[in-house]
Amino acid sequence: MEKKNIAGVEITLTEDGYMAESSKWNKDIAAALAKDDGIDLGDQHYAVLDYLRKEHEAGASLTIRKVGKSGIVDIKGLYKLFPGGPLKLSSKYAGIPKPTSCV
Amino acid sequence: MEKTEKKPLEKVLIICAKGALEDVYASLVMANGAVMEGIETKMFFTFFGLDGITKARMDHLHTATVGNPSLRMPGGAPFPTMLAGLPGVESGVSSMMRKQMDGLDMPPPSEFLEMITAGGGEIFACKLAVEMFKMRKEDFHDEVKDIITIGQFYEMADGDRTQIIFT
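Below: a short report on this structure. Quick caveat, the model's predicted, so the values are computed rather than measured.

### Examining the overall build of chain B
Okay, step 1: Secondary structure summary: chain B contains 6 helices and 5 strands in total.
Okay, step 2: The N-to-C order of helical and strand elements in chain B reads β-α-β-α-α-α-β-α-β-α-β.
Okay, step 3: In terms of principal-axis extent, the alpha carbons of chain B reach across some 55 × 55 × 25 Å.
Okay, step 4: Counting all 167 residues of chain B, 31% fall into the buried class.
Okay, step 5: Sequence separation of 24 or more characterises 74% of the internal contacts of chain B that already satisfy a separation of 6 or more.

### Here's the deal with the interface of chain B and chain A
Okay, step 1: Between chain B and chain A, the contact holds 13 residues from the first and 13 residues from the second.
Okay, step 2: Elements that contribute at least two residues to the side of chain B that touches chain A include exactly helix H1 (21-36) and helix H4 (109-118) of chain B.
Okay, step 3: Of the residues forming the side of chain B that touches chain A, the biggest block, 4 residues, is contributed by H1 of chain B.
Okay, step 4: For the side of chain B that touches chain A, the residue count by class is 6 nonpolar, 5 polar and 2 charged.

### Examining helix H5 (residues 86-93) of chain A
Okay, step 1: Where burial is concerned, most of H5 of chain A is hidden: 7 out of the 8 residues are buried.
Okay, step 2: Within the sequence span of H5 of chain A, burial applies to Pro 86, Leu 87, Leu 89, Ser 90, Ser 91, Lys 92 and Tyr 93 of chain A.
Okay, step 3: Where H5 of chain A is buried, its residues meet helix H1 (27-36), helix H2 (43-57), helix H3 (64-68) and helix H4 (75-81) of chain A together with H1 of chain B.
Okay, step 4: Trailing H5 of chain A by a residue or two, Gly 95 of chain A shows a phi angle of about 75 degrees, which is positive.

### A word on the sheet that holds strand E2 (residues 40-45) of chain B
Residues and elements named next belong to chain B.
Okay, step 1: The strand order across the open sheet built from 5 strands is E4-E3-E2-E1-E5, with neighbouring strands paired in parallel fashion. Of all the strands in the sheet, just strand E4 (144-148) and strand E5 (162-166) have a single pairing partner and so form its edges. Neighbouring strand axes in the sheet, compared pairwise and without regard to direction, differ in orientation by 20 degrees on average.
Okay, step 2: As paired strands, E2 and strand E3 (residues 122-126) are joined by 4 bridges and run parallel to one another. Counterpart to Phe 44 in the pairing with E3 is Phe 124.
Okay, step 3: The sheet contacts of H1 involve strand E1 (11-16), E2 and E5, and relative to E1 the element is tilted by about 170 degrees.

### Concerning the packing of H1 of chain B against H4 of chain B
Residues and elements named next belong to chain B.
Okay, step 1: Axis separation between H1 and H4 bottoms out at 9 Å; the angle between their running directions is 25 degrees. Classed by the angle they form, the pair H1 and H4 counts as roughly parallel. Of the two elements, H1 crosses H4, and the hand of that crossing is left-handed. Contacts between H1 and H4 pair Val 24, Leu 28, Ala 31, Asn 32 and Val 35 from the former with Pro 109, Phe 112, Met 115 and Ile 116 from the latter.
Okay, step 2: Class assignment for the residues of the contact of H1 with H4 results in 8 nonpolar, 1 polar and no charged.

### Side note on the packing of H2 of chain A against H5 of chain A
Residues and elements named next belong to chain A.
Okay, step 1: Contact geometry of H2 with H5 gives a least axis separation of 9 Å together with a crossing angle of 80 degrees. For the element pair H2 / H5, the angle class is roughly perpendicular. Of the residues in H5, those in contact with Val 48, Leu 49 and Leu 52 of H2 are Ser 90, Ser 91 and Tyr 93.
Okay, step 2: The residue inventory of the contact of H2 with H5, partitioned by class, reads 4 nonpolar, 2 polar and no charged.

How each quantity is defined
- Each chain has its residues counted from 1, running along the sequence as written.
- Note on labels: chains are lettered from A, ligands numbered from 1, in written order.
- With the structure being a predicted model, the display of local features is reserved for residues of pLDDT at least 70 and the display and counting of side-chain atom pairs for 80 or more, all residues being used for whole-chain, interface and lining totals.
- Helix and strand labels come from DSSP, where a helix needs a run of H or I of at least four residues and a strand needs a run of E of at least two; each type is numbered from the N terminus.
- With C-beta atoms placed from the backbone, the exposure class of a residue follows from how many other C-beta atoms lie within 10 Å of its own: 20 or more, buried; 12 or fewer, exposed; in between, partly exposed.
- Once C-beta atoms have been placed from the backbone, residue pairs whose C-beta atoms lie within 7 Å are recorded as contacts.
- Residue polarity follows a fixed list, in which Ala, Val, Leu, Ile, Met, Phe, Trp, Tyr, Cys and Pro are nonpolar, Asp, Glu, Lys and Arg are charged, and the others, Gly among them, are polar.
- In this analysis, strands are considered paired if DSSP registers two or more bridges between them.
- The axes used here are C-alpha line fits, helices contributing only the stretch in contact, and every angle between their N-to-C directions lies in the interval 0 to 180 degrees.
- Each angle gets one of four labels, with under 35 degrees taken as roughly parallel, over 145 as roughly antiparallel, 65 to 115 as roughly perpendicular, and the rest as oblique.
- Take the far helix as the reference: if the near one is turned anticlockwise from it by less than a right angle, the crossing is left-handed, and if turned clockwise, right-handed.

Put into structure tokens, the structure is as follows:
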């Protein structure tokens with residue numbers, strides 16, 4: 001666990017870089033975490049993050065297939081938004097735990 | 001304490017040579033999982049594994065009810081061999097398995113292939129097996145990139161952190 005001050009908020013990151021307290025999340029934190037990976041978040045990114053946060057709160061287990069069917073972006077588009085880790089990276093920036101699904 | 005440098009996998013080549021539901025799915029889950037991790041992924045379907053990419057068959061794959069000691073009745077009792085061979089039992093069991101997988105958000109193979117290629121994965125059919133079964137490129141799902149020899153497939157294993165997985 002690592003404590004970090006991002007955008008004026010004291011947050012705790014897990015070893016893999018995921019936010020330990022999802023409730024402290026805001027868009028600036030998302031942008032800062034993404035920037036560390038060289039990704040500039042745009043409207044479509046945020047739409048995906050919002051969707052993931054809502055689904056996570058509802059207790060759903062997340063898969064790229066589900067995101068692909070959400071109507072926000074198809075799977076190909078999701079890979080373009082979050083290259084090299086569509087579900088892992090988006091979950092990280094959405095401030096929710098590391099995904100545990102295999103699909 | 002000494003710190004060891006991690007050397008993550010960069011490329012996987014996955015060979016699917018069997019066409020039962022669970023064989024094809026094992027390959028597809030591993031390939032899709034690799035793509036999702038940012039690992040370069042190539043798949044090679046050969047022999048009965050070709051069923052997994054054949055348009056007419058891929059979304060109706062069966063699991064063997066005869067000669068499958070791991071198969072259980074709902075509830076956990078062993079599946080009686082005498083029952084397993086009755087007409088319609090294999091279809092019924094297979095369709096039940098497909099339904100359960102769909103519940104876990106595991107797509108049918110045709111959609112799985114699209115997910116894999118959407119992430120940059122590539123799908124190939126084995127030339128020798130294709131010739132043996134007298135099939136043509138048109139018989140395969142559109143996401144199948146090419147029909148190639150095993151030699152061409154091995155040539156793709158050209159990087160340091162590459163693994164070949166045979167399921």
